[in-house]
Amino acid sequence: MSSPDPTLPSGRSRPLDQLRQTARFDVPASLVVFLVAVPLSLGIAVASGAPVAAGLIAAAAGGIVAGIFGGSPLQVSGPAAGMTVVVAETVAEFGWEATCAITVMAGLLQIVLGATRLGRYALAISPTVVSAMLAAIGISIVLGQLNVALGGTSQPSAIENVKHIFLNLQEPNIHAVLAGLGVIVILILWPRLPQRVRAVPGQLVAIVAMTLLAAAWLPGAARVELGPDLLEEIGSVALPEGTPLAIAGAVLTFALIASVESLLCAVAVDKLHDGPRSNLDRELVGQGLANSASGALGGLPVTGVIVRSSTNVAAGARTRASAILHGFWVLLFALVLVGLVEQIPLAALAGLLIMMGTGLVRPADITQAHARGELWIYALTITGVLALNLIEGVLIGLVAALVLVLWRLVHVRIDVRQVGHAADGREKWLVEVHGSLSFLATPTLVSRLYAIPDGQLVELDLLVDYLDPAGRDQLDHWRARYETAGGTVHVEHSGPHGVEAPRRERALKAAPISPRGLLPWGAWQDVRSDRHHPLALGVREYHRRHAAPLRTVYEGLAEGQEPHAVFLTCVDSRVVPNLITASGPGDLLTVRTMGNLVPEPDSPDTSVAAAMLFGVDDLGIDTVVVCGHSRCGAITSALESTRAGEIPAGPVGDWLRHAAPAIQEWQTGHPVGLAAAAAGRSEVDQVSQVNVAVMIDRLGELLAGRDVRLVGLFLDISDGTLQILRADGFATLTDAETDELAHLMEARPPEPA
């Protein structure tokens, strides 16, 4: 019997069915999330310098209000570790009651952002800056809570915390150390226990265990002070006193950090289930309402929390009822079980927060930042947050990210090198330009161009997606000056917007061509998945990325074709003619046969002859290419069958008989085969290279009396390089041999050996 569908309900089920689903899935999940939320909320309140009850108020408000009005069905909201540093700074500057008012105002700002549909733009912040911000917060939490775990108190800055750690290490409170260390050990070992044991949240087990242990053996560990009754904490709000700029800065900081963390969490939660996706604008409104409610009731700021949300999904929640119910359980706990909370050692909560803080410093984020070339931004942001404060550190990171974006926009990779000599003896220079060529990058390019000696042959290859008017004018001026001085400039460019494009088009950005068009399916999609056939996704990719840029090309070919060469090659899937010749629609008339074999001219099989004669006689093609390749399966089968003295019956065997002349030539010492053997090639590759020469001879007979150039190529599958056939063997093609290749293609085919 199949397992139940893990997707969320569609919303069309009957009320009774929804009630059954809630009772079956959401109620148990809400209890699991509640057990995780309580110790986290208490610890975050302590770390924030707020009343402990404020954490429970925020958990209840986040669960109930954000659960009802938010746009992410399975996201669970509440006080978050990512807000602890900024809340602690705000409490120190304005006081707790004013911090509650700032939370209310930040919530109202979130509502405005969501109502104006600006919520999604919070995701435009650099991921590197966000991950660095969270890492810095994690480091700050760890430094502060290490002091608490040693029996001291958390300090307002990272530097002060480091100083006090050394002081507290000299005279630690052993009872506090044991309570904090016990929680850390339990949380480290818990994921290694059996699945049935891990069904109970490790955070809850750690706090309960250390609370019981402290009651019996650790009297010297300081306990949580919950303060007045929870109902007396509600409504403790006062308008902040300070400059309007300072208050506005605090409100904006609360709103932005809470919004970004909630939206990023919502996106992450969407990846954990197959149900409806989050409505980010609605989620921002829900978070704003939750923050307004939490602040008005005397609670901490609220965000979406990935720990609770992932727990909610893993526990089997199906609807937003789980998050809402978890809020009610927290509220019930806060009203009824206050005495139990006050037995919890502060050091135990510190151990919990130390583990949470270390979890915010993720090695994967560091690896990704390094891979993107943004590790310096990551380090700069962390340094700024730790040395200054959260908002200034994040601003430093954002400015650094903006500088990097601008640098990448103006940075153009320019490669200038000499690649040999032209037929007339002049030096041949290749200039490749990659990127977007704007007026900011043009001076660098022009200075490199002016360094090329006068009077030479220059190939300017503009592999750019943008060329602005100023850049084009400078290139036109240099080209005119260089050619006046006796040099020659050949320009090649991508798309219709290069140097030689009409003036009215030169400031346009070229339509992008996806590099996926050059890669096998397995390089960019999961070909093992049974959801979609890779061919279907390939066709979709073509329509999404390639059809529009190629539209003008196909419009020019609609009335007919004028290919430049007939290209005969093997049916092997690893040989892609248009890829290895950098050609496109209309360039090649491609003929593919097993082993790139050609029947003899007097053979009754005229399939290859018909295509060749159509190309040469009807289309006027004057170049015919035969391209073999290494490790050819058809040649392997033909060689093995010849040695066994038995050709297999059927169509495949009938076709492989066309390889017999090539095998005979190889056995009798064909020069191409001898050269391949001297180069260390396998016997199959030796025969494959001889086969190219023999098939060229055979096509020479077929096309006798016609002005046609015959060219032999060989693709090495092991490294993707191409070789060209000469009289005594194959030679590898390099960039410096371009002119020689042109000469060889103009020459007549070698005489048969």
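A. The arrangement of the overall build of the protein chain in detail. A tally of helices and strands in the protein chain yields 30 helices and 12 strands. The 753 residues of the protein chain split such that 46% are buried. Just so you have it, the protein chain exposes about 36000 Å², and 61% of that area is on carbon and sulfur atoms.

B. Representation of helix H7 (residues 174-189) in the model. Compared with an ideal rise of 1.5 Å per residue, which puts 16 residues at 22 Å, H7 spans 22 Å between its outermost C-alpha atoms and is within 8% of the ideal. Listed in full, the buried residues belonging to H7 are Ala-176, Ala-179, Gly-180, Gly-182, Val-183, Ile-184, Ile-186 and Leu-187. Looking at the packing, one finds that the buried side of H7 touches helix H5 (127-149), helix H9 (202-217) and helix H16 (346-360). One side-chain oxygen at the N-terminal end of H7 lies 3.0 Å from the backbone nitrogen of His-175; it belongs to Asn-173.

C. Geometry of the sheet that holds strand S7 (residues 565-570). The 6 strands are arranged S8-S7-S9-S10-S11-S12 in an open sheet whose pairing can be described as mixed. Pairing within the sheet leaves two strands with one partner each, and these edge strands are strand S8 (588-593) and strand S12 (729-732). Mean inter-strand twist for the sheet, computed between neighbouring axes without regard to direction, equals 30°. Its contacts with the sheet put helix H29 (residues 683-702) on S7, strand S9 (623-629), strand S10 (709-715), strand S11 (722-726) and S12, and the angle it makes with S10 is roughly 165°.

D. The packing of aromatic side chains, seen in detail. One pass over the full model with this rule turns up 3 aromatic pairs. Ring centres of Phe-34 and Phe-333 lie 6.1 Å apart, and the angle between their planes is 65°; on these two criteria the pair is classed as edge-to-face. On the criterion of sequence distance, the pair formed by Phe-34 in helix H1 (residues 15-48) and Phe-333 in helix H14 (residues 321-336) is long-range, its members being 299 residues apart. Assigned by exposure class, Phe-34 and Phe-333 land together as buried. With a centroid separation of 5.7 Å and 55° between ring planes, the pair formed by Phe-714 and Phe-730 is classed as tilted. Taken together, the residues span a long stretch of sequence, with Phe-714 in strand S10 and Phe-730 in strand S12 at a distance of 16 residues.

E. Summary view of the pattern of salt bridges. Per the counting criterion, the structure on display carries 19 salt bridges. The residue Arg-417 makes a salt bridge to Asp-415 at a minimum N-O spacing of 2.5 Å. The exposure class assigned to Asp-415 is partly exposed, which follows from its relative accessible area of 25%. Here Arg-698 makes a salt bridge to Glu-600, at a shortest N to O gap of 3.7 Å. On the criterion of sequence distance, the pair formed by Arg-698 in helix H29 and Glu-600 in the loop between S8 and helix H24 (607-618) is long-range, its members being 98 residues apart. You can call Arg-698 buried: its relative accessible area is 7%.

F. Quick peek at the nonpolar core. Ranked by internal contacts, the top residues of the largest apolar core, which has 77 residues, are Leu-42, Val-183 and Leu-300. Ranked by residues supplied to this core, first place goes to H5 with 9 residues. Non-local contacts of Leu-42, meaning those with residues more than four positions away in its chain, are made with Val-52, Leu-56, Val-341, Ile-344 and Leu-349.

G. Seen up close, the sheet that holds strand S4 (residues 427-437). With mixed pairing, 4 strands are arranged side by side in an open sheet as S3-S4-S5-S6. This sheet does not close on itself; its edge strands, each paired only once, are strand S3 (413-421) and strand S6 (488-493). The average undirected angle you get between the axes of adjacent strands in this sheet is 20°. Note: strand S5 (residues 457-467) against S6, 6 bridges, orientation parallel. Counterpart to Asp-461 in the pairing with S6 is Glu-492. Packing against the sheet, helix H20 (residues 442-450) makes contact with S3, S4 and S5, and its axis sits at approximately 180° to S4. Docked against the sheet, helix H21 (residues 469-484) engages S4, S5 and S6, running at close to 175° with respect to S5.

Scoring rules and cut-offs
Residues numbered from 1 in each chain as written. Predicted model: local features only at pLDDT ≥ 70, side-chain atom pairs only at ≥ 80, totals over all residues. Heavy atoms only, no water. Helix = DSSP H or I, 4+ residues; strand = E, 2+ residues; numbered from the N terminus. Buried < 20%, exposed > 50% of the residue type's maximum accessible area, 1.4 Å probe, protein only. Areas by Shrake-Rupley, 256 points an atom, 1.4 Å probe, with all protein chains shown as cover. Expected span 1.5 Å × (residues − 1). Contact = heavy atoms within 4.5 Å. Polar contact = N/O pair within 3.5 Å; in protein donor to acceptor, adjacent residues only side chain to side chain. Pairing = 2+ DSSP bridges. Axes fitted to C-alpha atoms, helices over the stretch in contact; angles between N-to-C directions. Phe/Tyr/Trp six-rings, centres within 6.5 Å; stacked < 30°, edge-to-face > 60°. Salt bridge = Lys/Arg side-chain N within 4 Å of Asp/Glu carboxyl O. Core = buried A, V, L, I, M, F, W, Y, C linked by side-chain atoms within 4.5 Å.

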